Amino acid sequence: MESSRPGRTRVTSVSLRVETLEAIRARAGKQGVSSYIEEAVQRQLQREALDEFIATAEDEHGPVDPAEVAALVESVRAHHAAHPGDASSDAA
C-alpha cells in the first residue's frame, strides 16, 4: 500500500487498547489509521519540543508571567476575529 505522507515510512507494530483503536478507526475515515496516528504523534512531538523550548527559556529568563500570556492570547484572538480567513495572520 502506498503512503501519501512525505518521507520514508517503516512498518512497525503498536499495541493499543481496543477502545482506542475503535475510536481511531471511527475518526480516521479515508485518511486511514496509519496517517491518523502519524499526525497525532507528530503533534505530540511538537508539543514536547515546545515544552522543552519553554523550559529552557524559563531557565534562562525566569518564569513566564501568566498575565502577559493571557494578554497575548487575547491579542491574537482579537486579531483573528478582526481578520477572519487571513492566511498571513496564521503565521503570527
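Residues numbered from 1 in each chain as written. Predicted model: local features only at pLDDT ≥ 70, side-chain atom pairs only at ≥ 80, totals over all residues. Heavy atoms only, no water.

Peer 1: Tell me what's going on with the overall build of the chain, and back it up with residues and numbers.
Peer 2: Regarding its fold elements, the chain presents three helices and zero strands. When the helices and strands of the chain are listed from N to C terminus, the series reads α-α-α. A buried classification covers 4% of the 92 residues belonging to the chain. Carbon and sulfur atoms make up 55% of the accessible area of the chain, which totals about 8,300 Å². (Helix = DSSP H or I, 4+ residues; strand = E, 2+ residues; numbered from the N terminus. Buried < 20%, exposed > 50% of the residue type's maximum accessible area, 1.4 Å probe, protein only. Areas by Shrake-Rupley, 256 points an atom, 1.4 Å probe, with all protein chains shown as cover.)

Peer 1: Got a sec to walk through the environment of Val-33? Specific residues and values, please.
Peer 2: Checked against the element boundaries, Val-33 lands in helix H2 (residues 33-61). Overall, the relative accessible area of 24% leaves Val-33 in the partly exposed class. Linking Val-33 and Glu-22, residues 11 residues apart in sequence, is a C-alpha distance of 10.0 Å. In this view, Val-33 contacts Leu-21, Ile-24, Arg-25 and Ala-28; residues no more than four positions away in its chain are not counted. (Contact = heavy atoms within 4.5 Å.)

Peer 1: So what's going on with the packing of helix H1 (residues 18-28) against H2? Residues and values would help.
Peer 2: Packing of H1 against H2 leaves a shortest axis separation of 9 Å and a crossing angle of 100°. Compared by their axis directions, H1 and H2 come out roughly perpendicular. In contact with Leu-21, Ile-24, Arg-25, Arg-27 and Ala-28 of H1, H2 contributes Val-33, Tyr-36 and Ile-37. Class assignment of the residues belonging to the contact of H1 with H2 gives a composition of six nonpolar, no polar and two charged. (Axes fitted to C-alpha atoms, helices over the stretch in contact; angles between N-to-C directions. Parallel < 35°, antiparallel > 145°, perpendicular 65-115°, else oblique. Nonpolar A, V, L, I, M, F, W, Y, C, P; charged D, E, K, R; others polar.)

Peer 1: I'd like to hear about helix H3 (residues 66-82), residue by residue, with values.
Peer 2: For H3, with 17 residues, the first-to-last C-alpha span of 24 Å sits near the 24 Å given by 1.5 Å per residue. The backbone nitrogen of Ala-67 lies 3.0 Å from a side-chain oxygen of the residue at the head of H3, namely Asp-65. (Expected span 1.5 Å × (residues − 1). Polar contact = N/O pair within 3.5 Å; in protein donor to acceptor, adjacent residues only side chain to side chain.)

Peer 1: Kindly report on the layout of surface pockets, identifying the contributing residues and their values.
Peer 2: One number sums up the size of the second largest pocket: a volume of about 260 Å³. Elements that contribute at least two residues to the lining of the second largest pocket include exactly H2 and H3. Sort the elements by how many residues they give to the lining of the second largest pocket and H3 lands first, with four residues. Grouping the constituent residues of the lining of the second largest pocket by class yields six nonpolar, no polar and one charged. (1 Å grid on protein atoms, 1.4 Å probe; cavity = no way out; pocket = protein on both sides within 12 Å on 5 of 7 lines; lining within 4 Å. Points joined across faces, edges and corners; volume = space filled by probe spheres on them.)

Peer 1: I'd like to hear about the environment of Glu-22, residue by residue, with values.
Peer 2: With respect to the helices and strands, the residue Glu-22 is situated in helix H1. Owing to a relative accessible area of 51%, Glu-22 belongs among the exposed residues under this scheme.

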